[in-house]
Amino acid sequence: MFGGLREKLQAARSRLGSSIQAVAAPPGAQGPEPSSPQPPLPAESPVTGEPGPDAKKPAGFVDKIKTFIIERELIVSEKDIDGALSDLEITLLECDVALPATDAIIGQVRKGLVGKHRKIGESVDSLVVNSLKTALAEVLGNGFDLTEYIRQHEKPVKILFTGVNGTGKTTTVAKIGYFLKNQGFSVVIGAGDTYRAGAIEQIGVHAERLGIKIIQHQEGADPSAVLFDTVQYASSHKIDVVLADTAGRFHNKANLMNQLEKIKRVMKPDLVVYVDEAVAGNDAVTRAFEFDKTVGADAVVLTKADMDSRGGAAISIAHTIGKPLMFLGVGQAYDDILPFEPAKVIDELLEGGI
Amino acid sequence: MDQRELMTLQQYLQEYGQQAEIFVQQLQLLENGRMEALAAIESLEDMLTAGEGTVLLQIGGGASVRARVEEPEKVLLAIGADVVVERSNKDAVEFLKERVMEMEASAKKVAETIDRLRGQMNEINKRIESGYQQAMASGEMQE
């Protein structure tokens, strides 16, 4: 997952590191590599204020002081890292990270590095990694802990799933049903996609396999009625969570959007979750933005993240639409769904394989 | 195997079929993207050698006009996230080649998924087949 982005971020990280390294060890400066500083000899310390034995050779002395300062702390100027930052910017854009998110990351990295005093013993790489981590954390937001949300809210918690056609909404509903069931919650699914041929059967098969109760009407029935019945069932049977599947729709199709409005009025969802595919990249971000503007969304699920090497949508969606990313779909099996944990993703992007 | 089990298997088969269809569409999109990128690479490389010559500029609907490229060395390239940047011809070709490689890797993954789905569909088909045979055999015995 996001292999391309990880590779490119590693390259950008080394480039930033070497730009700073170059400042730390300008040509002519002698002494050990700044990345592995060694404690200076007491005789070279300027703190003593006493001239050492080298005082007779001013040039050598100054050099030593210079080395000492470089070792002790390093101040990065904007000019030093401009080239590397512009590389990072292109890297992020190439990975389909939306422009506002890219700007935010670059701004944060710049803020984190420029004027930074490197402490003794701190390597240049850790300086770069830390500022990249802070920048990504800022853009990725806090994620959305669904189980915690359910625990803290009045039951049944009603979750409405929306999104465009063919992105894996129905499968996502089944996967989240499975996830919540494993977390100890009771779940009922409302087969609100009465529009697409075979959709009711599809969600029916999933529900049967997972042992989850499903409420369904006939094809072509009013989805609001199906979902109203589902909520009624959940209330009377003390079910914890209602997962409402709906038909795929585009934000610019007025009649389908009106239908969604009606569904919202009738079932009064606690959460509206927008589902799209990670592989759609920036298109997914644009669509999520439009959807949020038209019907509103509280959280986002991105499917097919296992096939997405660029990771642009996952990185930029929370920042661009201001709604958290809740889950990533990463495969065909029911347990192939990962709660989105920003810290984990950042660690894996910058340190290891996802 | 009873009738109900057979129906469930049929539903599974249908569902796997729908999933496979979505992945086939995705594969097609990747293939289209790959072909477009390869065509662009070829055009960019040829433009450098075309010199002052004219090229045919497709304007859609099968119509083309003769055009002269003023600066074949400079290319405006959509690098992602709806951002277009100016690159040298060589850099643009390199970028497109990388994209082709990326798309090939993704297509491989999608193709593997389709294969896996087809394998599962075959399995289900076999079970349905044997279910039918069992049902027919027991029907004959009852007669």
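Residue numbers restart at each chain and count upward from 1, following the sequence in its written direction. Written order determines the labels here, with chains lettered from A and ligands numbered from 1. Per-residue local features are limited, in this predicted model, to residues with pLDDT of at least 70; the limit for side-chain atom pairs, both in listing and counting, is 80 or more; totals at the level of whole chains, interfaces and linings are taken over all residues.

For the rest of this paragraph, the subject is the overall build of chain B. A helix here means a DSSP run of H or I that spans at least four residues, while a strand means a run of E at least two residues long, and both kinds are numbered starting from the N terminus. Looking only at helices and strands, chain B has two helices and four strands in total. Secondary structure elements of chain B, listed N to C terminal, follow the sequence α-β-β-β-β-α. At 26 Å, chain B has a C-alpha radius of gyration far larger than the 15 Å of a compact globule built from 143 residues. Seen through its C-alpha atoms, chain B measures out along the principal axes to roughly 85 × 30 × 25 Å. Residues are called buried when their C-beta atom has 20 or more other C-beta atoms within 10 Å, exposed when it has 12 or fewer, and partly exposed otherwise; all C-beta atoms are positioned from the backbone. In chain B, buried positions account for 12% of the 143 residues. We compute the radius of gyration from the C-alpha atoms alone; for a globule the expected value is 2.2 Å times N to the 0.38, where N is the number of residues.

Let us now look at the sheet that holds strand β7 (residues 325-329) of chain A. Residues and elements named next belong to chain A. Overall, mixed pairing links the eight strands, which are arranged β3-β2-β4-β1-β5-β6-β7-β8 in an open sheet. With partners counted over all chains shown, the strands left at the sheet margins are β3 (213-215) and β8 (337-339), one partner each. Pairwise comparison of adjacent strand axes, ignoring direction, gives a mean angle of 25 degrees for this sheet. Looking at chain direction, strand β1 (residues 157-163) and strand β4 (residues 241-246) are connected through four bridges and run parallel. Each bridged residue has a counterpart across the sheet, and for V157 the counterpart in β4 is V241. Packed on one face of the sheet, helix α10 (residues 254-267) meets β1, β2 (187-192) and β4 and runs near 175 degrees to β1. When DSSP locates at least two bridges between a pair of strands, those strands are taken to pair. An axis is simply a line fitted to the C-alpha atoms; with a helix, the fit covers only the stretch in contact. Between two such axes, the angle follows the N-to-C directions and lies from 0 to 180 degrees. Here, residue contact means that the backbone-derived C-beta atoms of the two residues sit within 7 Å.

When the parts of a complex come together, some accessible area is lost, and that lost area is often taken as the interface size. At the junction of the two partners, chain B supplies 17 residues and chain A supplies 21 residues. Elements represented by at least two residues in the side of chain B that touches chain A include exactly α1 (3-50), β3 (74-80) and α2 (89-142) of chain B. For the side of chain B that touches chain A, a count of residues per class yields seven nonpolar, six polar and four charged. Put simply, Ala, Val, Leu, Ile, Met, Phe, Trp, Tyr, Cys and Pro go in the nonpolar bin, Asp, Glu, Lys and Arg in the charged bin, and everything else, Gly too, in the polar bin.

This next bit is on unusual backbone geometry. Each neighbour pair has its own omega, and for K155 of chain A with P156 of chain A the value is -5 degrees, a cis peptide bond. Relative to the helices and strands, P156 of chain A resides in the loop between α6 (146-152) and β1. A positive phi angle, close to 55 degrees, is found at K238 of chain A, a residue other than glycine. Examined against the element boundaries, K238 of chain A turns out to sit in the loop between α9 (223-236) and β4. Taking the C-beta count within 10 Å as the criterion, K238 of chain A has 9 such neighbours and is therefore assigned exposed. For D82 of chain B, which is not a glycine, the phi torsion comes out positive at approximately 60 degrees. The topology assignment puts D82 of chain B in the loop between β3 and β4 (83-88).

All names here are of chain A. Each domain's limits were defined by an automated method or a database of domain assignments. With domains assigned, chain A is organised as domain 1 (3-140) and domain 2 (146-341). Tallying the contact residues gives twelve residues for domain 1 and 13 residues for domain 2. Mapped by element, the contributors of at least two residues to the side of domain 1 that touches domain 2 are α1 (3-24), α4 (99-113) and α5 (124-140). Tallied by class, residues from the side of domain 1 that touches domain 2 come to nine nonpolar, two polar and one charged.

On to helix α8 (residues 199-210) of chain A, then. Each residue after the first adds 1.5 Å to the expected span of a helix. The terminal C-alpha atoms of α8 of chain A lie 17 Å apart, and with twelve residues this matches the ideal 16 Å at 1.5 Å per residue to within 8%. Listed in full, the buried residues belonging to α8 of chain A are A199, I200, Q202, I203, H206 and A207 of chain A. Viewed along the axis of α8 of chain A, the buried residues span an arc of 165 degrees, placing them on a single side of the element. In the core, the buried residues of α8 of chain A are packed alongside α7 (169-182), β2, β3 and β4 of chain A together with α1 of chain B. Looking one or two residues past α8 of chain A, G211 of chain A carries a phi angle of roughly 70 degrees, positive in sign. The arc under discussion is defined with respect to the helix axis, by the directions toward the C-beta atoms.

So, about the packing of α9 of chain A against α10 of chain A. Residues and elements named next belong to chain A. For the pair α9 and α10, the least separation of the axes is 9 Å and the interaxial angle reads 20 degrees. As summarised for this structure, α9 and α10 are arranged roughly parallel, according to the angle between their axes. The interaxial crossing formed by α9 with α10 has right-handed handedness. Mapping the contact onto sequence places P223, S224, L227, F228 and V231 in α9 and Q259, K262, I263, V266 and M267 in α10. Any angle that falls under 35 degrees is termed roughly parallel, while one over 145 is termed roughly antiparallel, one within 65 to 115 roughly perpendicular, and all others oblique. Two helices that cross are described as forming a left-handed crossing if the nearer one is turned anticlockwise from the farther one by less than a right angle, and a right-handed crossing if clockwise.

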